[in-house]
Each structure stands twice: as C-alpha cells, then as structure tokens.
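Breakdown of the fold
One-letter residues, chain by chain:
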Amino acid sequence: MILTHVGALGDFIPSLTISNYYYKNENEKTTFILSDWFKKFVGLEEFLMLQDFTEKVVFDPHVPD
C-alpha cells in the first residue's frame with residue numbers, strides 16, 4: 001500500500017492505524033510518501049522504519065501552504 005500525506009503531523013499520526021490494520025489483515029507493508037515538510041521532525045523516518053508495517057519512507061519536495 002502507498003500512503004501519501006502532505007498535511008500536518010497531527011493528521012498523519014492517526015493514519016498509522018490504517019497501515020497497521022492493513023498489514024495485519026492483508027500482510028502488505030506500507031510505503032509512506034511524505035512532504036519534505038515532515039523532515040523537520042527529527043526521528044520520524046527512523047520511527048516509521050521501526051514499525052513492522054513500514055516498507056519504506058519517501059520524502060517529496062512538495063510542501064503544502
């Protein structure tokens with residue numbers, strides 16, 4: 001599954017339950033495509049990679065207004 005998110009961190013965190021549920025029921029990991037805006041959260045990429053449902057994390061140069 002690919003999950004794209006360019007919104008705020010507060011909106012992103014609850015969406016992790018979707019990836020977790022999907023992995024547990026479909027056994028398919030998630031690739032997260034996040035705005036470069038998320039890079040300012042130190043450790044976020046490492047945190048996501050520690051989750052069993054994460055395939056990889058990609059940062060996109062699009063930054064929301």
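I will try to describe carefully the structure that is included in this document. All figures in this text were calculated on a predicted structure; none of them were measured in a lab.

This part takes up the overall build of the protein chain. Secondary structure assignment for the protein chain yields 2 helices and 3 strands. Counting from the amino terminus, the protein chain carries its helices and strands in the arrangement β-α-β-α-β. By the compact-globule yardstick of 11 Å for 65 residues, the protein chain fits well, its C-alpha radius of gyration being 11 Å. When burial is assessed residue by residue, the protein chain has 28% of its 65 residues classed as buried. If you take every contact in the protein chain between residues at least 6 apart in sequence, the share linking residues at least 24 apart comes to 66%.

Attention shifts here to the side chain of Thr54. With respect to the element layout, Thr54 can be found in strand E3 (residues 54-60). A distance of 2.6 Å separates the side chain of Thr54 from the backbone oxygen of Leu48, its partner in a polar contact. Residues contacting Thr54, with those up to four places away along its chain left out, are Lys29, Thr30, Phe32, Leu48 and Met49.

Moving on, we come to the nonpolar core. By size, the foremost hydrophobic cluster in this structure holds 11 residues: Leu3, Phe12, Leu16, Tyr23, Phe32, Leu34, Phe38, Leu44, Leu48, Phe53 and Val57. Secondary-structure elements contributing two or more residues to this core are helix H1 (9-26), strand E2 (30-35) and helix H2 (44-50). Sort the elements by how many residues they give to this core and H1 lands first, with 3 residues. Residues in contact with Leu44, not counting those within four places in the same chain, are Leu9, Phe12, Leu34 and Phe38.

Thresholds applied
Residues numbered from 1 in each chain as written. Predicted model: local features only at pLDDT ≥ 70, side-chain atom pairs only at ≥ 80, totals over all residues. Heavy atoms only, no water. Helix = DSSP H or I, 4+ residues; strand = E, 2+ residues; numbered from the N terminus. Rg over C-alpha atoms; globule rule 2.2 N^0.38 Å. Buried < 20%, exposed > 50% of the residue type's maximum accessible area, 1.4 Å probe, protein only. Contact = heavy atoms within 4.5 Å. Polar contact = N/O pair within 3.5 Å; in protein donor to acceptor, adjacent residues only side chain to side chain. Core = buried A, V, L, I, M, F, W, Y, C linked by side-chain atoms within 4.5 Å.

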